Amino acid sequence: MIEILDAGELRRARRSGALVADILATLRDRCTVGTNLLDVDRWAKAMIIDAGAQSCYVDYAPSFGRGPFGHYICTSVNDAVLHGRPHDQVLADGDLVSLDLAVSLDGIAADSAVSFLVGDTRPAESVALIETTRRALAAGIAAAGPGVRLGDVSHAIGTVLSGAGYPVNTEFGGHGIGSTMHQEPHVPNLGRPGRGYRLRPGLLLALEPWVMTDTDELVTAEDGWTLRSATGCRTAHSEHTIAITEDGAEVLTLAPR
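Note on numbering: residues in each chain are counted from 1, in written sequence order. Whole-chain, interface and lining totals are the exception, using all residues; otherwise, since this is a predicted model, local features are given only for residues with pLDDT of at least 70 and side-chain atom pairs are given and counted only at 80 or more. To get the side-chain values, all heavy atoms of the structure are used, and hydrogens and water are removed first.

1. Brief notes about the nonpolar core
Defined as follows: The definition of a nonpolar core used throughout is a set of buried Ala, Val, Leu, Ile, Met, Phe, Trp, Tyr and Cys residues joined through side-chain atoms within 4.5 Å. Using a 1.4 Å probe on the protein chains alone, a residue whose accessible area is under 20% of its type maximum counts as buried, one over 50% counts as exposed, and one in between counts as partly exposed. By definition, any uninterrupted DSSP run of H or I lasting at least four residues is a helix, any uninterrupted run of E lasting at least two residues is a strand, and each is numbered from the N terminus. Here, residues are in contact when the closest pair of their heavy atoms is within 4.5 Å.
Counting residues in each nonpolar core, the largest one holds 26 residues, and the members touching the most others are Leu27, Ile73, Leu99 and Leu101. Counting only elements with at least two residues in this core, the list comes to helix H1 (7-30), helix H2 (37-50), strand E4 (96-105) and strand E5 (108-117). In this structure, Leu27 is in contact with Val40, Trp43, Ala44, Met47, Ile73 and Leu99, ignoring residues within four places of it in sequence.

Below is the structure:
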């Protein structure tokens, strides 16, 4: 189902997006050398509950996961890129961390992800990887607007990712979002311009370019959820929820300044 929000629902979506952005910004600041991923999950749970919101993850049980996710945030480290299930792992200097959070507030969901390096060590390849996903996300947002074909958005994202020399996996990508977290349409990170669904005002999309350094092949970890690069290479993931408006695309999950 492709869901189109009315003006009142869009106002609620802005509040959901602001909450997700605020929680992610707080968690990113707290992720330092020595932080345990289980603490990150506990912090996320507390902030979601304190805001009167609901987690989109804790009871989530799609066909590609093993049972309910059981946690409040995805924490993916180094070779993990998507659906990272929090576990007893302490962050080390130079780790590349991706946090992915989806929350529903007043019946509307928002979804965002950020990748960053922990500590003082900043490997050049990891910095470039993260920056490429950010640039691809910005390109996708810039391409989105009323009347634009979905393939134009995917093409803009994929041009940046491929242009930087990274293989692109299209199995997992962006998606529609609204009263539920995952909706149609699927937004692959590679596409053909002029093809696909024509975007309409009131549509919410979660755009999420993610990439692995030297492969497009994923493997599932023993926890049944965490997706890792098949070669053990590092990965990065950037995501925003946007609303298609009469004037273009409004980013709902921008971090507070």
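2. Looking at helix H4 (residues 150-163)
Keep this limit in mind: What a helix is expected to span follows from its residue count: subtract one and scale by 1.5 Å.
Taking 1.5 Å as the rise per residue, H4 with 14 residues should run 20 Å; its terminal C-alpha atoms sit 20 Å apart, in good agreement. Directly after H4, the chain includes Gly165, whose backbone phi takes a positive value near 90 degrees.

3. Focus: the sheet that holds strand E7 (residues 183-187)
So the rule is basically this: Between any two strands, pairing holds if DSSP finds at least two bridges. Comment: axis = line fitted to C-alpha atoms, over the contacting stretch for helices; angle = value between 0 and 180 degrees taken between N-to-C directions.
With antiparallel pairing, 5 strands are arranged side by side in an open sheet as E7-E6-E8-E13-E14. Whereas interior strands pair on both sides, the edge strands pair on one side only; in this sheet they are E7 and strand E14 (249-251). With strand direction ignored, the average angle separating the axes of adjacent strands in the sheet is 25 degrees. Sheet strands touched by H4: E7 and strand E8 (204-207). Its angle to E7, the strand with the most contacts, is close to 45 degrees.

4. Here we look at the packing of aromatic side chains
Applied cut-off: Two aromatic rings, drawn from Phe, Tyr or Trp (for Trp, its six-membered ring), form a pair once their centres lie within 6.5 Å of each other, and the interplanar angle then sorts them: stacked below 30 degrees, edge-to-face above 60, tilted otherwise. Lysine NZ or arginine CZ positioned within 6 Å of the ring centre and within 35 degrees of the ring normal marks a charge as sitting over the ring.
Under the defined criterion, the tally for this structure stands at 6 aromatic pairs. On the numbers, 6.4 Å between centres and 70 degrees between planes, the contact of Tyr60 with Phe64 is edge-to-face. Under the relative-accessibility criterion, Tyr60 is labelled partly exposed at 22%. Look at Phe64 and you get partly exposed, because its relative accessible area is 34%. Considering the side-chain rings of Tyr60 and Trp225, the 6.4 Å spacing of their centres and the 40 degrees angle between planes classify their relative orientation as tilted. Here Trp225 lies in the loop between strand E10 (218-220) and strand E11 (227-229) and Tyr60 lies in the loop between strand E1 (54-55) and strand E2 (74-77), a separation of 165 residues in the sequence. Taken together, the aromatic side chains of Tyr57, Tyr60, Phe64, Phe69, Phe172 and Trp225 make up a single cluster linked through ring pairs. In this structure, Arg30 is placed above the aromatic ring of Trp43, and the distance from its NZ or CZ to the ring centre is 5.2 Å.

5. So, the sheet that holds E11
Reading across the sheet, the 3 strands line up as E3-E11-E10 and stay open at both edges, with antiparallel pairing between neighbours. Strands with a single pairing partner mark the edges of an open sheet, and in this sheet they are strand E3 (80-82) and E10. With direction set aside, neighbouring strand axes in the sheet form an average angle of 45 degrees. In this structure, E10 lies alongside E11, joined through 3 bridges in antiparallel fashion. Counted as the bridge partner of Thr220 is Leu227 from E11.

6. Observations concerning the pattern of salt bridges
What counts, and what does not: Each salt bridge in this description consists of a side-chain nitrogen of Lys or Arg and a carboxyl oxygen of Asp or Glu lying within 4 Å of one another.
For the structure on display, the rule yields 4 salt bridges. Across the salt bridge formed by Asp106 and Arg15, the nearest N and O atoms sit 3.8 Å from each other. With Asp106 in the loop between E4 and E5 and Arg15 in helix H1, this residue pair connects regions lying 91 residues apart in the sequence. Across the pair Arg42 and Asp39 runs a salt bridge, and its minimum N-O distance is 2.3 Å. Of this pair, Arg42 and Asp39 are both found in helix H2, 3 residues apart, which corresponds to roughly one turn of the helix.

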